[in-house]
Amino acid sequence: MRPPAIHSLTGMEIIDSGLSPTDRLHIGDCLVVLSSREVHAPGARRPARLTPKAIGVLLVLARGAGDVVTRDELFAQVWPDTLPTNDVLTQAVTQLRKALSAGGAFQQGQEYIETIAKTGYRLLAPVTWAAAQAAADAGQAEAAGSALAEGDASAAPVPASPADAGSRGSTGFWRRARRRLLLAAGLLLLCSSVTMAWLLWQRPERETALDAATADGKGVIGSPERPYRLITARQGFGTFPALSPDGALVAYADESDGGSTLKVQSTGSATSATLVEAPAGALDRFPAWSPDGREIAYARFHPGGGCEVLVIGATGGNPRRVTACDGAEMLSFNWTPDGRGLVFGSMTGHHGAPGIRTLDLATGRWTTLEYDRGDGDFDYAPRFSPDGRQLGFVRNPQLGGLWVMAAAGGGARRITSDSAEMRGWGWLDNEAIVFGRRVDSESRLYQVDLRTGLLKDLGVDDAQSPSVAGMGKVLAFVHRAPQFGLFRIPLDHPERKERLFASSGRDAQPMIAPDGQQLVFTSSRSGAFALWWARLGQDGSLHPVEDLRPEARQSPDWSADSERVLVSGRDDAGRPGIYEVAPEQGQWKRLSIPLSEPLQAVYGPSPDTFFVIGSQAGGPATLALYDSGGGAWRRLAQVAGVSQVRYDRRAQRVLFTRLAGGGLWSADASLSPASLREVSEDVPTRWRFRTWALGGDGAVAYLHQDAGCSVQLSRLDAPQAPRCLEARASSATNGFSMAPDGSAAYMALTVADGTDIGVMPVPQAPSQALLGVLKWLPLLGKPDS
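Residues numbered from 1 in each chain as written. Predicted model: local features only at pLDDT ≥ 70, side-chain atom pairs only at ≥ 80, totals over all residues. Heavy atoms only, no water.

A. Fine view of the environment of Phe487. When you line up the elements, Phe487 lands in strand β34 (residues 483-490). Sequence spacing of Phe487 and Ala502 is 15 residues, and the spatial spacing of their C-alpha atoms is 9.2 Å. In contact with Phe487, other than residues within four places in its own chain, are Lys497, Glu498, Arg499, Leu500, Ala745, Tyr746, Met747, Leu749 and Val751. (Helix = DSSP H or I, 4+ residues; strand = E, 2+ residues; numbered from the N terminus. Contact = heavy atoms within 4.5 Å.)

Here it is, written out as structure tokens:
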């Protein structure tokens, strides 16, 4: 049977089956329903929904299954009368691969769709239209009917005899049968209710009135309604929001004028009031409401490294000091459930301690919690659950995950499965958590169920630092949508900085090749986050590496011959991996590194050696030296607790930062324990562990902020006066590079920036969605014995 002809691929496709209308086809093991644009993959929790253009691409490939379909053919049939870019086709194919491999059976969907370099794509899986199967089923039914008509007794059901029916007619039997029937019906209703609750939890947000009004194409009302609203109405930076227990007020740090002042305002208005005036040069941050809403704890940072934690009344007044925190890096604290103390995360500095502690405010007594932790673990942002029975925290926030344990300590369990750049978190209820994390070029909010471990994207772009009202139903967060541009900054004349390959997207991680002529970087400039390549001075050479999804967490690393780069990324199923890319040709391959979560890789002293940071089965991040000769990856040496690595080819040494603290370390190319040395004691700091780079001459450059200078460059390996490269704009913190001759720095700077505080209703957790489903079960009774 011939496949349906495609009359139109704009909007909703029109199908002519050749026999009868059909909207279903089988592609390999997947069922595609055209009318709903859904792909049902074996093993997937729910069907994947495709865009109209993606379904159009799929139909063109299906019509020529097994044959190469060129990009020009796809553009002509799916995007007629338009001038689309290659990127829109790449996005459609990526979506198809993700949908077809949603069940996890095949890596990256390559089992279904093959990329033909510089040509197009080929659908490898067999295609069967549902109409053909329906015809076969109809033929079988017709044959069965003919057999019955011709008296084939074996094909007809045999009715029960009256005698058999009479023998089962006792009253007791029917009473028990009725009970069992009611119980079965009840259990069926329970299953249906649980399934419905699950579907309500998993389904996308409901359509807005605008969606419903414009679906028929008859009119436009306005912009779609956001699930949140922004409550800070002035230009600037509002950070570290904290909601009062009833959700009526939000305290935050206003960092708009170069300082940091605590302010309080209603979640229903745009007028704020200053809570407390900080002394000259001091910065007030990290507000936290007491459980009764009467007091606010916060940290005050003084010039020269001084730090103290203070408590003030929610309406202002004179603050009182509760502890010193001099030299603390990544300070974190919150209230204990009874409101009589504060719980602190791991603290560095003179008053610090490696694990979680509580401080009694009346006596000043510290109590250390006994719980499971490694020697190098840094436990950050501890928070008690609403019922006070659990304590959550972020472990090693540079490459971290969420952990939960009993309030008194003991065994801790990991909640999130992958290592991520965490951007704040809070309890939604006793069984669900909301957290922010970096993904691609932005930070997003996610909800995780503690019992199942299932994640849900809350649908809020550019959001971080969530705060949940303890007694209310309100969620606050920081909304930040900066634009970053790429710049070349000459070290001798920073004022002559040059913008490179300008766009309206977010460009980051510019890595200059050893030959000084090529640049790779990550960007959202085409609408999709991708790796880009160009030759300096040749704007026409700029192009993305298609079908590759890079990870913004770690910067790419060039090979010595400037022909390849190592890139951390994820496949269409979200699995992390290391990819070797020939960026000029747009070709790449995934390396078979034997780690469940490889995070970063750089080239070693020989073509077959690599230095890799990764973890196995949820363990700590470890730096390992691998030899891939002969295709078998052999681990030769390792160093535990590493967050970032670079290889200095000139000095044949490895430089790295550690999760346990600030500073820079070195080792020889074999990672021998005897060669480990501390290059810098305090910097890079733990949070700025990616803002250092190696020059071609082996110099180690470090970016940081200082009074009056937003981007300052210092040498870590030699005494040298710092240089101010940029007075106002901020630099990205996820990687930069130095020119091979050390004359210039390549970095991403903010072109536009600012933050707002957003508020939204607390999303319903799955545990809440299931409440009440079981309440009617006692009504069923129990069957007779």
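B. Quick look at the packing of helix α2 (residues 71-78) against helix α3 (residues 86-100). At a closest axis distance of 11 Å, the pairing of α2 and α3 adopts a crossing angle of 90 degrees. Here α2 is positioned roughly perpendicular relative to α3, judged by the angle of their axes. Counted together, Arg71, Leu74 and Phe75 of α2 and Asn86, Val88, Leu89 and Thr90 of α3 form the full contact between these two elements. For the contact of α2 with α3, the residue count by class is four nonpolar, two polar and one charged. (Axes fitted to C-alpha atoms, helices over the stretch in contact; angles between N-to-C directions. Parallel < 35°, antiparallel > 145°, perpendicular 65-115°, else oblique. Nonpolar A, V, L, I, M, F, W, Y, C, P; charged D, E, K, R; others polar.)

C. View of the sheet that holds strand β4 (residues 30-33). What the five strands build is an open sheet, ordered β6-β5-β4-β3-β10; its pairing is antiparallel. Two strands close off the open sheet at either side, each with one partner strand: β6 (48-49) and β10 (127-129). Bridging between strand β5 (residues 38-40) and β6 involves two bridges; their strand directions are antiparallel. Within the sheet, the bridge partner assigned to Val39 lies in β6 and is Ala48. (Pairing = 2+ DSSP bridges.)

D. Region of the structure containing the packing of aromatic side chains. Under the counting rule described, the total for this entry stands at 15 aromatic pairs. Seen in terms of ring centroids, Phe75 and Trp79 are 5.8 Å apart; in terms of plane orientation they differ by 65 degrees. Their pairing is edge-to-face. For the residue pair Phe75 and Trp79, the accessibility class agrees, reading buried in each case. Of the aromatic side chains, those joined through ring pairs into one cluster are Tyr603, Phe610, Tyr626 and Trp633. Arg686 extends its terminal NZ or CZ atom over the ring of Phe378, reaching a point 3.8 Å from the ring centre. (Phe/Tyr/Trp six-rings, centres within 6.5 Å; stacked < 30°, edge-to-face > 60°. Buried < 20%, exposed > 50% of the residue type's maximum accessible area, 1.4 Å probe, protein only. Lys NZ or Arg CZ within 6 Å of the ring centre and 35° of its normal.)

E. Region of interest: empty space enclosed by the protein. Tallied over the entire structure, the rule returns two cavities of 30 Å³ or more. Looking at the second largest cavity, its volume works out to about 30 Å³. Every residue lining the second largest cavity is listed: Glu421, Arg437, Arg438, Glu551, Arg553 and Arg690. Its residues assigned to classes, the lining of the second largest cavity comprises no nonpolar, no polar and six charged. (1 Å grid on protein atoms, 1.4 Å probe; cavity = no way out; pocket = protein on both sides within 12 Å on 5 of 7 lines; lining within 4 Å. Points joined across faces, edges and corners; volume = space filled by probe spheres on them.)

F. Representation of the pattern of salt bridges in the model. Inspection of the entire model under this criterion finds 37 salt bridges. We note a salt bridge from Arg285 to Glu255, for which the minimum N-O separation is 3.0 Å. Separated by 30 residues along the polypeptide, Arg285 in strand β16 (residues 283-289) and Glu255 in the loop between β13 (249-254) and β14 (261-266) bring together distant segments of the chain. Two residues, Arg564 and Glu580, come together in a salt bridge whose shortest N-O distance is 2.9 Å. On the criterion of sequence distance, the pair formed by Arg564 in the loop between β40 (557-558) and β41 (565-570) and Glu580 in strand β42 (residues 576-582) is long-range, its members being 16 residues apart. What you see here is one network of salt bridges that share partners, running through Arg373, Asp377, Asp379 and Arg395. (Salt bridge = Lys/Arg side-chain N within 4 Å of Asp/Glu carboxyl O.)

G. Focus on the nonpolar core. Core analysis: the largest hydrophobic core is formed by 34 residues, its most contacted members being Val57 and Ile113. Contributing elements (two or more residues each) for this core: β3 (24-27), β4, α1 (52-63), α2, α3 and β9 (120-123). Once you skip the residues sitting within four places of it in the chain, Ile113 turns out to touch Leu61, Val93, Leu96, Arg97, Leu100, Tyr121, Arg122 and Leu123. Val602, Ile613, Val639 and Val642 belong to the second largest nonpolar core, which has 19 residues in total. (Core = buried A, V, L, I, M, F, W, Y, C linked by side-chain atoms within 4.5 Å.)

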